[in-house]
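# Coordinates in review
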Amino acid sequence: MPATPAWPPQSAPRLHVETQLGEGVAVSVDGNAAHYLISVMRVKADDIVLLFDGRSGEWAARARDIRKRDLVLMCEAQTRTIEQVPDFWLCCAPIRKGRIDLIAEKACELGVARIQPVLTRRAVVDKLNLDRLHAHLVEAAEQCGRTALPELRELLKLDALLRDWPDGRHLFFADETGGMPLAQELAAHRGPAALLIGPEGGFDPAEREAIRAHPAAVPLSLGPRILRAETAAIAATAAWMTLNGDWQ
Ligand code: SAH
């Protein structure tokens, strides 16, 4: 007996769109996304493409009206409802281009709910291209199966971050000068959380003092070696997901 083909096909391309999705909604696609579907993925009429808009879960849509540079995708059925990611924010200082892009990509894959860029005194980079970071988040979400992007916030100064810190959220602070062992501290502080990672130059002493004085702060050590900021961000996020998040 021939095997029943999987529906939607496992090989179906996934695409993030801005249009609000729902049954019967027609989504016009052009530009890079159309090039990707038509020329790279070789989508033909009646093929299925999986769509998500960050609000309405994931939808199987059928390709129609394929032309050279655009096509239409008709939403047929919802394949997944909107995801629930763990309540975990990554607060990290902006760092050089390729490295901050890597953090955005991995944070999305690891299931981070919010990315909050934080400006600190020793930051080598003090501007952030949010459009470029957003594009990395979209690509990562398409690839890893997320139905919503992490929320990407505007750059905030460290003192503003600390001043407006919400009640009831732990602030795990990766302190390269020595904090408490990670596993022990994560087990002792369950619930909504955020991880704060410094820039290439680390935190300056006054910043470290201000963070440590904050009632929500939990200083963490990530071991005896000094990690690059992107390694620290990715590794500590994975550790939180393992011990307190959705890797359990
Ligand atoms: N230039 C600094 C290192 C900065 S590393 C120095 O030489 O001391 C960048 C950031 O990664 C740090 O601010 C910290 O948040 C995090 N980090 C790196 N290694 C760490 C460790 N072993 N423990 C805790 N945090 C660490």
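Here the structure is a predicted model, which is why all the values come from computation and not from measurement. (Residues numbered from 1 in each chain as written. Predicted model: local features only at pLDDT ≥ 70, side-chain atom pairs only at ≥ 80, totals over all residues. Heavy atoms only, no water.)

## Details of the site of the ligand
Neighbouring residues of the ligand: 19 residues in total, closest Ala-174, Glu-200, Leu-222, Arg-225 and Leu-227. Within the contact set of the ligand, an oxygen atom lies 3.0 Å away from a backbone nitrogen or oxygen of Gly-198. At a separation of 3.0 Å, a nitrogen atom of the ligand approaches a polar backbone atom of Gly-223. For the shell around the ligand, the elements supplying multiple residues, two or more each, are strand S13 (217-221) and helix H7 (229-243). Split by residue class, the shell around the ligand holds 10 nonpolar, five polar and four charged. (Near = heavy atom within 4 Å. Polar contact = N/O pair within 3.5 Å; in protein donor to acceptor, adjacent residues only side chain to side chain. Helix = DSSP H or I, 4+ residues; strand = E, 2+ residues; numbered from the N terminus. Nonpolar A, V, L, I, M, F, W, Y, C, P; charged D, E, K, R; others polar.)

## Focus: the packing of aromatic side chains
By the definition in use, this model includes three aromatic pairs. When the ring of Trp-89 is compared with that of Trp-165, the centres are 5.9 Å apart and the planes differ by 70°; the resulting orientation is edge-to-face. Pair noted here: Trp-89 is in strand S6 (residues 88-92) and Trp-165 is in the loop between helix H4 (158-163) and strand S10 (170-174), with a separation of 76 residues, a long-range link. Each member of the pair Trp-89 and Trp-165 is classed as buried. A cation sits over an aromatic face here: Arg-169 above Trp-89, 3.6 Å from the ring centre. (Phe/Tyr/Trp six-rings, centres within 6.5 Å; stacked < 30°, edge-to-face > 60°. Buried < 20%, exposed > 50% of the residue type's maximum accessible area, 1.4 Å probe, protein only. Lys NZ or Arg CZ within 6 Å of the ring centre and 35° of its normal.)

## What about the sheet that holds strand S3 (residues 48-52)?
On the basis of which strands lie adjacent, the open sheet formed by five strands has the order S1-S3-S4-S5-S2 and mixed pairing. The sheet is open, and its two edges are formed by strand S1 (14-16) and strand S2 (26-29), each paired on a single side. Averaged over all pairs of adjacent strands, the angle between strand axes in this sheet comes to 40°, irrespective of strand direction. As judged from the four bridges shared by S2 and strand S5 (residues 71-80), these two strands associate in the antiparallel manner. The residue of S5 that forms the bridge with Val-27 is Leu-73. (Pairing = 2+ DSSP bridges. Axes fitted to C-alpha atoms, helices over the stretch in contact; angles between N-to-C directions.)

## A look at the domain arrangement of the protein
On domain assignment, one finds that the protein holds domain 1 (14-80) and domain 2 (88-243). Centre-to-centre separation of domain 1 and domain 2, based on C-alpha positions: 33 Å. Of the roughly 690 Å² buried between domain 1 and domain 2, counting both surfaces, carbon and sulfur atoms make up 56%. Summed over the three residues of domain 1 that lose the most area to domain 2, namely Arg-14, His-16 and Phe-52, the buried surface amounts to 62% of that side. At the surface where domain 1 touches domain 2, the tally comes to zero salt bridges. Here domain 1 and domain 2 share six residue pairs in polar contact (both at pLDDT 80 or more) between them. (Domains from an automatic or database assignment. Buried area = accessible area lost by both parts, 1.4 Å probe. Salt bridge = Lys/Arg side-chain N within 4 Å of Asp/Glu carboxyl O.)

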